[in-house]
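Descriptive structure summary
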Amino acid sequence: MSHVRRWALLLAGFALCTLPLWAQHQAEPAEDEEPVVTVVITGERIEQPVSESIATTTIVTAEQMREHGAQTVADVLRQVPGIIVDQQGQPGSLAYVSIRGTTIQQSLILVDGQRVSHSGFLSGTDLGKFPVTTIERIEIIRGPVSSLYGSEAIGGVINIITKQPEDAGGSLDFGFGDNGRATRTIAVHGGTPDLGWELSGSLPAYAGLRPNSEFDGTNITGKLVVPDVNGWKMTLRSESYSDTVGLPGADYAGTGAFDPDDLQDWDRQHYGFSAEGPAGAGQLRWQAYYVRQVLFNEMPGLDWLTGNPTVYTSKVNGKTRVVEATYTFDLPGHQLLFGGEYRTERYEDDEFQDNTLQGTTNKAIHNSALYLQNRWSLTEQTDLLAGARLDSHSSAGSRLTPRLGITHQVTPDAFLRASYGSAFRAPGLMQMYYNAFGMQGNPNLKPETSQQYEVGMNWQRGSDTFDLALFNNRVRDQIAWQGMTYENVTRARQRGLEFAWTRRLNRHTTLTTSYGYLDAINLATRQRILKQPYNRLTMTLATQWHNWDIALSGRALSNRLDFSGQFDPVTFAPLYTKLPGMAVVDLTLTRTYGVVQPYVIVHNLTDVDYQEVNGYQTEGFNIEAGIRTNW
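Notes on the structure follow. Because the structure is predicted, anything quoted here is derived from the model rather than measured.

This part covers the overall build of the chain. Across its full length, the chain holds 5 helices and 37 strands. Each principal axis of the C-alpha distribution contributes one length, and for the chain these read about 75 × 65 × 50 Å. Per-residue burial over the chain gives 52% buried out of 631 residues. In the chain, of all internal contacts separated by at least 6 residues, the share reaching a separation of at least 24 is 62%. When the accessible surface of the chain is split by element, carbon and sulfur atoms take 58% of a total near 27,200 Å².

Right, here's the structure in full:
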């Protein structure tokens, strides 16, 4: 595509988005509308207006996901302040997140408050494996919250909250695009005063940019809600996800070279039950759930020692079982929360070469925890939050993680906040026990620990909403690969600021932008942490004009370090390269005809050549078109 055409399309997109500003300049001002109070749950495990939360929080709604043309949670998080998404090139490939410069294992991922993060998977939680079909909203907490959630919550928590079935209806979405992209989803739901249910299915597919990069997935979810049994609400939810993706490998030299036959299968089942209702003077909530995740790799190649053709296969099976309860009640000036959790995680790993078992592992961890929290109203304008959690972890030992914060209402629409939090991550099961092909886990690893200080402010002025946060986080005993095993060798520091601004231009048009500065370094080597840019900018302009919904969204990153694919010939230390900065713009157009909505999504509108992970090329300019209907 010529540069003239690219920029013509970009200008046309901006024109489409700004046209309603001219056409509706006589519209009633947005500030005359009744203000909407947004409530967050994840940061304190109690419902709290997001403006009064101790934690720095971003909420992304289903409507915003649709505006952005997002198909997976990874797509959604690219527009969230403080988060870097690194995907290995294309839809369906591994996509992992870093919050405020922490590692991919230091972020806790929840679905409806139930953890799907598992310490047996070295690459953390792949958020490209979570379709947005049934998601109501995503709550992103930036900063440590081990005081409520235990291990992994060093960088923060991402809570994927699914829709609640309330009435009869459904939706269909069929879309097709360049490079064999296919979106096929269906959801049906029904509801009565006594029962709500939902069933959905999703079949994403992608032909791939390179040979052996095809992707096919299947996602089926079901939910059953009994809204009132003597004041109790009970929810049963299940999910089954599976996919197959080719693994072409990194093309560091840019020659188009690929691995033609490496494959990966991913499988996840999640079954959960929760109940909440009145108990004595307060509210009791308890949940029990089971998550099973299987990762299967098949890697034909050459024997590392003899050079003869061979086939390596591995099967990693991770199982999580959890029972948890929380009890909340109010006293004059106090909101109190007590909780307890018992969790087991099992890691089963079988490694084969030419169908000959090379190594097998079957290990488990057990964790018991008690936690409490008090939000104390010191005055009408000032709240103090104090909390702590005590974990008894079979590999990390006893861990006490306190949290302290304060909010102060400066004006009716402005709040100051300050907080201190500590967190930990227990050594991963694979890091401790992997044993195959001459590589050895280290069962003597210590847990990673962190301490963060943060100050922030949010305020609303007319049609503008602002949020500013400054933070300083230090991580000790961070685990790193040291040739043939893992060691606690790294100390890290992440400090920076995040600024988010939302402007209601009129009743139908919203401008959302964010900027983040991050100074993330390895204190042992004084080197920048890989894949972490100093500067990050996002912007979305969304509008409704007659029966059109139009959204133009962009994100920009400054340069960052990444592995070059080469090693020092003398020391064998990895060598690094600098990925250049990039700016990517997407355009989404939706036309409404009653219950039918045809749409067009233009990805990478200006055809930018960029990589999120070195060696994995991303898509250039490409178009997806489809039709969506709701009834």
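Moving on, we come to the pattern of salt bridges. One side chain can pair with another of opposite charge once the charged atoms of both are near each other. Going through the model one piece at a time under the given rule, you end up with 34 salt bridges. Note that Lys 319 and Glu 348 form a salt bridge whose closest N and O atoms lie 3.8 Å from each other. Taken together, the residues Lys 319 in strand β18 (residues 309–331) and Glu 348 in strand β19 (residues 334–353) connect sequence positions 29 residues apart. Of the charged contacts in the structure, one is a salt bridge between Asp 519 and Arg 495, with a shortest N-O distance of 3.3 Å. In this pair, Asp 519 sits in strand β29 (residues 509–522) while Arg 495 sits in strand β28 (residues 486–506), placing the two residues 24 residues apart along the sequence.

Quick look at the side chain of Arg 628 now. Mapped onto the fold, Arg 628 is located in strand β37 (residues 622–630). Among residues more than four places away in sequence, those in contact with Arg 628 are Arg 66, Leu 172, Asp 173, Thr 590, Val 595, Val 596, Gln 597 and Tyr 599.

The subject of this paragraph is the packing of aromatic side chains. Counting across every chain of the model gives 12 aromatic pairs. Taking the centre distance of 5.7 Å and the plane angle of 40° together, the rings of Tyr 327 and Phe 329 count as tilted. Here Tyr 327 falls in the partly exposed class, since its relative accessible area comes to 23%. With a centroid separation of 6.3 Å and 5° between ring planes, the pair formed by Phe 466 and Trp 501 is classed as stacked. Taken together, the positions of Phe 466 in strand β27 (residues 464–481) and Trp 501 in strand β28 put the pair 35 residues apart, joining distant regions of the chain. Among the aromatic residues, ring-to-ring pairing joins Trp 459, Phe 466, Phe 499 and Trp 501 into one connected group. Sitting over the ring of Phe 130, Arg 268 keeps its end group 4.0 Å from the ring centre. Taking the ring centre of Tyr 599 as reference, the NZ or CZ of Arg 628 above it sits at 4.4 Å.

With that out of the way, let us pick up the pairing of strand β10 (residues 169–177). In the case of a regular strand, side chains alternate between the two sheet surfaces. Where β10 meets strand β11 (residues 181–192), 9 bridges bridge the pair, whose relative direction is antiparallel. Residue pairing in the sheet places Asp 173 in a bridge with Thr 185 of β11. What sits between the antiparallel neighbours β10 and β11 is a turn of 3 residues, in which Asn 179 has the positive phi angle 60°. Here β10 pairs with β37 via 7 bridges, running antiparallel. Its bridge partner being in β37, Leu 172 is matched across the sheet by Thr 629.

So, about the side chain of Ser 202. By secondary structure assignment, the location of Ser 202 is in strand β12 (residues 195–202). You can call Ser 202 buried: its relative accessible area is 5%. Apart from the residues within four sequence positions on either side, Ser 202 is in contact with Pro 131, Thr 133, Arg 184, Thr 185, Gly 217, Thr 218 and Asn 219.

The subject of this paragraph is a positive patch on the surface. Taken together, the side chains of Arg 474, Arg 476, Arg 491 and Arg 526 define a basic patch exposed on the protein surface. According to the relative accessible area criterion, Arg 526 is exposed, its value standing at 56%.

With 5 of its 5 residues buried, strand β5 (residues 95–99) lies for the most part within the structure. Alternating residues of β5 divide into Ala 95, Val 97 and Ile 99 and Tyr 96 and Ser 98, and every residue in both groups is buried. Here strand β4 (residues 83–87) runs beside β5; their pairing, made up of 5 bridges, is antiparallel. Within β5, the residue paired with Val 85 across the bridge is Val 97.

Before going further, it helps to examine the sheet that holds strand β3 (residues 56–61). Spatially, 5 strands are ordered β3-β8-β9-β6-β7 in an open sheet, and the strand pairing comes out mixed. In this open sheet, the two strands that pair with only one neighbour each are β3 and β7 (114–115). As paired strands, strand β8 (residues 135–142) and strand β9 (residues 156–162) are joined by 7 bridges and run antiparallel to one another. Note on β9: the bridge partner recorded for Arg 137 is Ile 161.

On to the nonpolar core, then. Leu 77, Ile 83, Leu 127, Ile 158 and Ile 160 are the most contacted members of the largest nonpolar core, which has 24 residues in total. Looking at this core, the elements with two or more residues in it are α3 (73–77), β4, β5, β6 (107–111), β8 and β9. For this core, the element with the highest residue contribution is α3, accounting for 4 residues. Sequence-distant contacts of Ile 158, that is, excluding residues within four places in its chain, are made with Leu 77, Ile 83, Val 97, Ile 99, Leu 108, Ile 109, Leu 110, Leu 127, Ile 138, Glu 139 and Ile 140. Phe 121, Tyr 241, Ile 365 and Met 432 belong to the second-largest nonpolar core, a separate cluster that totals 18 residues.

Among the structural elements, Thr 606 can be located in the loop between β36 (596–603) and β37. Put simply, Thr 606 and Asn 622 are 16 residues apart on the chain and 9.9 Å apart in space, counted from C-alpha to C-alpha.

Here we come to unusual backbone geometry. The backbone of Arg 45 sits at a positive phi, close to 65°, despite the residue not being glycine. In this structure, Arg 45 sits in the loop between β1 (39–40) and β2 (48–49). Despite not being glycine, Asp 354 has its phi angle at roughly 50°, a positive value.

Thresholds, definitions, all that
- Residues numbered from 1 in each chain as written.
- Predicted model: local features only at pLDDT ≥ 70, side-chain atom pairs only at ≥ 80, totals over all residues.
- Heavy atoms only, no water.
- Helix = DSSP H or I, 4+ residues; strand = E, 2+ residues; numbered from the N terminus.
- Buried < 20%, exposed > 50% of the residue type's maximum accessible area, 1.4 Å probe, protein only.
- Contact = heavy atoms within 4.5 Å.
- Areas by Shrake-Rupley, 256 points an atom, 1.4 Å probe, with all protein chains shown as cover.
- Salt bridge = Lys/Arg side-chain N within 4 Å of Asp/Glu carboxyl O.
- Phe/Tyr/Trp six-rings, centres within 6.5 Å; stacked < 30°, edge-to-face > 60°.
- Lys NZ or Arg CZ within 6 Å of the ring centre and 35° of its normal.
- Pairing = 2+ DSSP bridges.
- Patch = residues over 30% accessible without salt bridge, like charges linked within 9 Å, V, L, I, M, F, W, Y side chains within 5 Å.
- Lys, Arg positive; Asp, Glu negative; His and termini not counted.
- Charge placed at Lys NZ, Arg CZ, Asp CG, Glu CD.
- Core = buried A, V, L, I, M, F, W, Y, C linked by side-chain atoms within 4.5 Å.

Purely geometric numbers; function is a separate question.
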